[in-house]
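A look at the structure
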Amino acid sequence: MSPLACLPHARRVVLALVLISTAALAEDSRSVPPPTVEALPDGSELILAPRAGAPSASLHYVVRTGAQKDPTLKEGLAHLLEHLIFSGSHDVRGSDFRAAVKAAGGEFNGYTTPFSTSYVLRAPTAAFLPLAEQLLRIVSSPTLDPRTMQREVEIIRTEGTYFSKPPGFREHLEDALFEGPGTRSILGDKGTLSSITHEDVVRFYTQHYVPANTSIVFTGGVKREEVLKMLDEAVRLPPSLPGEYEPTKLVEPLLPIEQATRAPESLIAYGYLVAPEDRRACPRVAAVLEMRLVRELHIDEPITTGLEVQCLSLRGNTFLMVLAHSGSMDASNLPDRLQEAFELLARKPMKPAEEKLVNQHFQLRLAQQADDDEWRASELARLVSQPRKESLTPVELMSPAALLPRKDVQDFARRTFVPEGQVVVNFSPFAG
């Protein structure tokens, strides 16, 4: 299967910014306090984003280790461990936990990525704390019963047969940008799964499931005092000693990079590395670029069938990237058109009308996200799972995009859109 077939279809943007009205903005001016971050005595990291009166609450228990740490020839170990953990602990059976969550109208899940493993619970506020306590006990003191290993291996093989996907475009982009093992298989295969022993599972758990490698995210209808009390009673992992666990290091990307691969249709990622101090400004610059490019390449001259501009986080690094898809024969000059758009933003400031539309766009987005606890929880969990150089601070979490005057947008473009930070990954019929 072509890697292009596995790319989630880029959203079809019609110049939505133009349709924003002042009435829509005035409809909802609610705001939510920013998340808090604190280091707990056992060495774990607690992120709280409560919202008074929320009808539900969520827990994301994030272990900042995933498939990238699978031993060679034992790929699939981290994911197998995730499955085994849900079998339960010595005092909370997995089947009883599943029944209790279902009866309360909640849901739970686990997922493994290359760099993290997360255990997720969402439930109505009234039922949340007892269920969260059970999940914490399961994850922090699992039985890891060897008798269940073969059953879970068969389940994972079924996932691999019916639900697995070959690497998508994002994976190809990430593999192009970084040295070392790429986006390795999370599921593993028949051979690697068969080679995993119970001792391998226990060793992996003991090594990586430690408080110093853990972030715990709570959102919605929770209170700090209740959460701290529950964590103290439910988490069974011994406290981490100073320096006990070496976190995943932030890896510098290989830049500049320009790759072209022959493919049936045009799919291009074009952009630049963003300096850490410019991350908060990135979304606003991305909005300006998207507004211009959609008008030029999707409306005025419909070359692209999908186009979006986003601030993409890969292995702890931020990139301002255009992702564009086209089936048109006119797409041969698409890389040049994208480069022109970036250069124009560096040469000329955005117009007052563009500035107004972008500001309205972000005001509306904030209003829409005010009571979206599920989105906030998922985004926080994604952020805390990223490799990092330093301790996380609240400023890095869910901060509103920096309000940039027109001249500051131009200054951002001039210092960011430079040859040494450029990324061009192009799948195209015209390549090669």
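Attention in this report is confined to the structure presented alongside it. Predicted, not measured: the structure shown is a model, and the values here were computed from it. (Residues numbered from 1 in each chain as written. Predicted model: local features only at pLDDT ≥ 70, side-chain atom pairs only at ≥ 80, totals over all residues. Heavy atoms only, no water.)

Before going further, it helps to examine the nonpolar core. Judged by nonpolar contacts, the single largest core of 47 residues is most densely connected at Leu-59, Ile-85, Leu-121, Phe-128, Phe-218 and Leu-231. Among the elements that take part in this core, helix α4 (residues 125-140) stands out by supplying seven residues, more than any other. Sequence-distant contacts of Ile-85, defined by excluding residues within four places in its chain, comprise Tyr-119, Ile-138, Val-139, Pro-142, Leu-144, Tyr-205 and Tyr-209. The next biggest cluster of nonpolar side chains, apart from the first, holds 38 residues, and it includes Ile-268, Val-274, Leu-320 and Leu-345. (Core = buried A, V, L, I, M, F, W, Y, C linked by side-chain atoms within 4.5 Å. Buried < 20%, exposed > 50% of the residue type's maximum accessible area, 1.4 Å probe, protein only. Helix = DSSP H or I, 4+ residues; strand = E, 2+ residues; numbered from the N terminus. Contact = heavy atoms within 4.5 Å.)

A word on the state of the cysteines. Should the sulfur atoms of two cysteines be covalently bonded, the bond is a disulfide. Counting across every chain of the model gives one disulfide. A sulfur-sulfur distance of 2.1 Å marks the disulfide that ties Cys-282 to Cys-311. Here Cys-282 and Cys-311 share a disulfide; its torsion about the S-S bond, -105 degrees, makes the bridge left-handed. Within this pair, whereas Cys-282 is found in helix α10 (residues 282-300), its partner Cys-311 is found in strand β9 (residues 306-314), the two being separated by 29 residues in sequence. (Disulfide = S-S within 2.5 Å.)

In this section: the packing of aromatic side chains. As enumerated under the stated definition, the model contains 12 aromatic pairs in all. Ring centres of Tyr-272 and Phe-417 lie 5.1 Å apart, and the angle between their planes is 35 degrees; this geometry places the pair in the tilted category. Of this pair, Tyr-272 sits in strand β8 (residues 266-274) while Phe-417 sits in the loop between α14 (406-416) and β11 (422-428), and the two are 145 residues apart along the sequence. Considered together, Tyr-272 and Phe-417 belong to a single accessibility category, that of buried residues. Grouped by ring-pair contacts, the aromatic residues Phe-86, Phe-97, Phe-108, Tyr-119, Tyr-205 and Tyr-209 constitute a single cluster. (Phe/Tyr/Trp six-rings, centres within 6.5 Å; stacked < 30°, edge-to-face > 60°.)

Over its 14 residues, helix α11 (residues 334-347) runs 20 Å from end to end, which matches the ideal 20 Å to within 8%, given 1.5 Å per residue. Here α11 has its buried residues at Leu-334, Pro-335, Arg-337, Leu-338, Ala-341, Phe-342, Leu-345 and Ala-346. In this fold, the buried residues of α11 make contact with β8, α10, β10 (317-326), α14 and β11. (Expected span 1.5 Å × (residues − 1).)

Here we take up the pairing of strand β4 (residues 107-112). Pairing of β4 with strand β5 (residues 117-124) involves six bridges; the strand directions are antiparallel. In the sheet register, Phe-108 faces β5, and the bridge partner there is Leu-121. Hairpin connection of β4 to β5: four residues between the antiparallel strands. (Pairing = 2+ DSSP bridges.)

It is worth spelling out the side chain of Thr-148 at this point. By secondary structure assignment, the location of Thr-148 is in the loop between α4 and α5 (149-162). We classify Thr-148 as buried; its relative accessible area is 12%. Look past the residues within four positions of Thr-148 in its chain and what remains in contact with it is Leu-84 and Ser-87.

Tracing the backbone through its elements, the reader meets Glu-244 in the loop between α9 (224-234) and β7 (257-262). Judged by relative accessible area, Glu-244 falls into the partly exposed class, the value being 44%. Spatially, the C-alpha atoms of Glu-244 and Asn-213 are 9.5 Å apart, while their sequence positions differ by 31 residues. Apart from residues no more than four positions distant in its own chain, Glu-244 is found in contact with Val-210 and Pro-239. At 3.3 Å, the side chain of Glu-244 forms a polar contact with the side chain of Ser-240. (Polar contact = N/O pair within 3.5 Å; in protein donor to acceptor, adjacent residues only side chain to side chain.)

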